[in-house]
Each structure stands twice: as structure tokens, then as C-alpha cells.
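Chain by chain, the residues run as shown.
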Amino acid sequence: MIKNLVWSLVIIAVVGGLAYPKLKPLWAGDSKTQTATVESKSSGKPGDSAKKDDASIKKDDASAKKDDKKSAGGGGKPAAPLKVSTFMVTPSLFSETITATGTVLADEGIELQPETNGKIVSINFIEGAPVKQGDLLLKLNDSDLRANLDRYNYSKKLAEVRFRRYSQLLNQKMVSQDDYDSVLSEMNVQQSYIDLYKAEIQKTEIRAPFNGVVGLRYVSVGAFVNGSTRIATLQRLNELKIDFAVPEKYSGRIKVGSQITFTVAGGLQKYAGRIVALDPRIDSGTRTLLVRAICANVDGRLLPGAFTNVSISLDQIANAFLVPAEAVVAGLDEKNVYVIKDGLAERRPVETGARTATQVHIVSGLQAGDQVIISGLQQMRAKMPVESLTDQAGSKKEKGVGAEHGVVKPQGSTTFKQVDHPSNAEFGLLARVTL
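Position labels on residues start from 1 in each chain and follow its written sequence. Local features in a predicted model are, by the rule used here, given only for residues with pLDDT of at least 70; side-chain atom pairs are given and counted only at 80 or more, and totals for whole chains, interfaces and linings are based on all residues. Excluded from the side-chain calculation are hydrogens and water; included are all heavy atoms of the structure.

Student: Tell me about the overall build of the protein chain, and name the residues and values.
Tutor: A count of helical and extended segments in the protein chain gives five helices and 22 strands. Working definition: with a 1.4 Å probe on protein chains only, accessible area under 20% of the residue-type maximum means buried, over 50% means exposed, and in between means partly exposed. When the 435 residues of the protein chain are sorted by exposure, 27% land in the buried category. Restricting the contact set of the protein chain to residue pairs at least 6 apart, pairs at least 24 apart contribute 70%. Only DSSP runs of H or I with at least four residues qualify as helices, and only runs of E with at least two residues qualify as strands; both kinds are numbered from the N terminus onward. Throughout, a contact is declared for two residues whenever any of their heavy atoms are within 4.5 Å.

Right, dumping it as C-alpha cells:
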């Protein structure tokens, strides 16, 4: 009997273990139903809590969507216009000037070098001192040349005596014509030798070919020199040449006689000059035209070899449109500016001419009265809403480029704007905006 009872319990346990997974969900549902029944009895309105939860979820979703719309586009309102500085285009007088770099050259300048080999026996100049044309500057040893010159002088005197004697005998028909011609030829040969040695002696002397200032010497007395030895330099400094190159496109507008102004490196004084010659060809390597001008150097302050910045005035334009250089935006194949039209930014292609340090001459593309935008160009796009900054009460004009071009920028001020944000409305959030 005990054995049967044990088997019965085992069978019940096995059946219960198999049925438990299927019966557990039914037991859980019954407990939730009982809980809801108890809550509904206590409140008196069954199902109100579930409805409230659904309404709360929908309200939160609507609030989130509204916040997203506010943050993305301000509730559908257009974006605020970008405040920019502008420049009013007005015609003005403009003197078109081109600039170039050049070099100062002496009116005449050479390096003193001997024509022959020899030893220096005397140096007759002072470094940095003025000399006159024909002054003896340096002398080489010429003793052997003078000895030969004396020999041919004696030979020539003997030939002259014989020539006079044969001339008398020829008149008396006591010598032949051939003898007379031979004596005459010998006398001429002796004279040619004399001329030759005189020329060789002149090569041992270095004389000043023109008035000028001699430079530093690089040799001493007793040194042996040849034709490539550098003795010193000689420069004529009362007038100077200025050589500079201008772009090819200006070659037809540069004329002989035009005035120029220039400054030298390290100095602010302006010097005046006059164009005297133009190179008859365009340099194919640099596509420039070489121009030469001259200027007086009365006080001797300018020195050959100095670097110069040259300005050449071409024409004067009575009604030129000038805009600040920062307003011009370079494109791939053209140059553009932005102007304000009906509250929007408009991109205008323009043709530019000469430019100064701060302004650009606009040849075409603008009209008088156009408002050219000169700030915020990095984020500027066509059709973008923009607003020009104007003078406000108590504001002062800024110094610098804007003030120079007549552009007025208000002083930095701080204002406060209420932000309509549903999620933060209860906190009264203020956004600080600095113009």
C-alpha cells in the first residue's frame, strides 16, 4: 500500500511539472485583473488611469515635435537677416597709377682694368674722391717700352738725314728713283715703330675717361696685374638712371617724357624723374617692357645699385567707381562683389582696373548708389537676407577701413530677447544676443 502511495505522488509531481509553464500566464493575468478591480473600486471610475497614461504620452510627443520645430526653424518664421557693413558707390576722381620695382644705375659707370700685363709703379687717386676726365689714375712699369721707343727715334733721325740728301741728289739726277724710294720707305717704317711703342706705353696708363667719383681700390703699388685684374670703379653721379619693368598690357600707355616718382629702400623721401627711353621689344620670359628714366642727383644721396619702388601716373578718370579691396571676391574666371537689393544679397560680376593699397577701381558692373557689402563675405550667398548697419543714437564711427570709406559700424552693445520655448517657458529663459 505504501508502495502505491509513493507511485501516485511521483505521477502527480511529473504531471504538475509539465503543466506549470502553461498555467503560469493564466495565473498572472488573473492577478492583474484582480489588482485593476481593486483600484477601480477604490476610485469609483474603472480604466481612467490607462486613459490618463495614454494622454500624457501623446502630450509629450506633441511637445517634443513642437520643440523640434521651434529649434529648427523658429516655428516656420524666416531666418533673421545677416547684419553687414556696406559701402555706398559714388563717382570720384581717380588717378590711375601703376607701380613697379627698379634699380638705380649710374649715368656712366665702369670698372677700371689695365689693358696689358705689368707691375704697378704708382697709384695716383684717392678712394672715394672725384676725378676729372684725362687724370692719370694708375701707372705700370714701361721701362722696356721706352727703351725701344728711343731706339726707333734715333733710327728715324738717321733716315730723315738720308732722305733729305737723296732728295737733293735726285734733283741733280745723281741717284736713281729706286734709291730715293727705298730711303723714304725706311723713314716711314721707323715712324710706324715709334707710333707702335707710344701706343704700348699708353696701355700702361689708366686715365679717367669721364668726370666722376672713383671707388675703392683693390690693388697696391708693386702688385703684378693683367687684363682681368680689378683696380677700382668709376661712377658719374650727377645724374642717375632708373631701370624698371612694366607689364605688357601697359606698353602702349607708357610714353617718353612721362614723369615718374620713386622711393628707395630705407627712405621715405620721394624723388622725381623722367622717362627717356623704352626698350623696343617685350621680354618674352617675363612679358614686361623695360623702361629707363633719369633723375638729378644734386645732393649725392642716391647711389647706384639701390632698390626703388616706382610709381607712374597714366590717366585721370573723373567719374570712377572705387570700392574697398576687401569687397572684391575672386572667382575661377571672374571677380564679383555682393550688393544689397530689396533686402537680399545679389552677386555681381565686375571688371576691375588699377588698384591702390586699400581700393579697387571697378571698370564695369556697378552703378552709382549701389550698396556694396564689405563684411561677412565668407558666409555670404546669393539671395541671402541681409541688413545694412546704420548709425544709432550715441554710436560713433569706427576708425580704420570702414571709417575711411564712409562705412559706419555701431559700437558693441548687448540686448536681451525672450525665447519662446515651450519646454522652458516656465523658467522664463532669456537668450543674450551681442551685435
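Student: Could you give an account of unusual backbone geometry, with specific residues and numbers?
Tutor: The phi angle at Lys173 is positive, at roughly 60 degrees, despite the residue not being glycine. With respect to the element layout, Lys173 can be found in the loop between α3 (143-171) and α4 (177-202). With a phi close to 55 degrees, Asp342 is a non-glycine residue in the positive phi region.

Student: Go over the pattern of salt bridges with me, naming the residues and quoting the values.
Tutor: Here, a salt bridge means any Lys or Arg side-chain nitrogen found within 4 Å of an Asp or Glu carboxyl oxygen. Applying the stated criterion across every chain yields a total of 15 salt bridges. Glu387 is the salt-bridge partner of Lys83, the closest N and O atoms lying 3.2 Å from each other. Here Lys83 is found in strand β1 (residues 82-84), whereas its partner Glu387 is found in strand β20 (residues 386-388), with 304 residues between them in sequence. With its nearest N and O atoms 3.9 Å apart, the salt bridge here joins Glu160 to Lys156. Of the two residues, Glu160 and Lys156 both sit in helix α3, four residues apart, roughly one turn of that helix. Salt bridges sharing common partners tie together Lys139, Asp142, Arg146, Glu205 and Arg207.

Student: Could you give me a rundown of the environment of Thr101, with the residues and numbers involved?
Tutor: Take Thr101: it is sitting in strand β3 (residues 91-112). Not counting residues within four places of it along the chain, the set of residues in contact with Thr101 comprises Phe244, Ala245, Phe307, Thr308 and Asn309.

Student: Please set out the pairing of strand β13 (residues 288-296) residue by residue, giving values where relevant.
Tutor: Paired strands, in this sense, are two strands between which DSSP finds at least two bridges. Where strand β10 (residues 232-247) meets β13, nine bridges bridge the pair, whose relative direction is antiparallel. Residue pairing for β13: Ile242 is matched across the bridge by Ala293. With six bridges connecting them, strand β12 (residues 271-283) and β13 associate as antiparallel partners. Directly across from Ile282, in β13, lies its bridge partner Leu289. The hairpin turn running from β12 into β13, its antiparallel successor, is four residues long, and Arg287 in that turn takes a positive phi close to 55 degrees.

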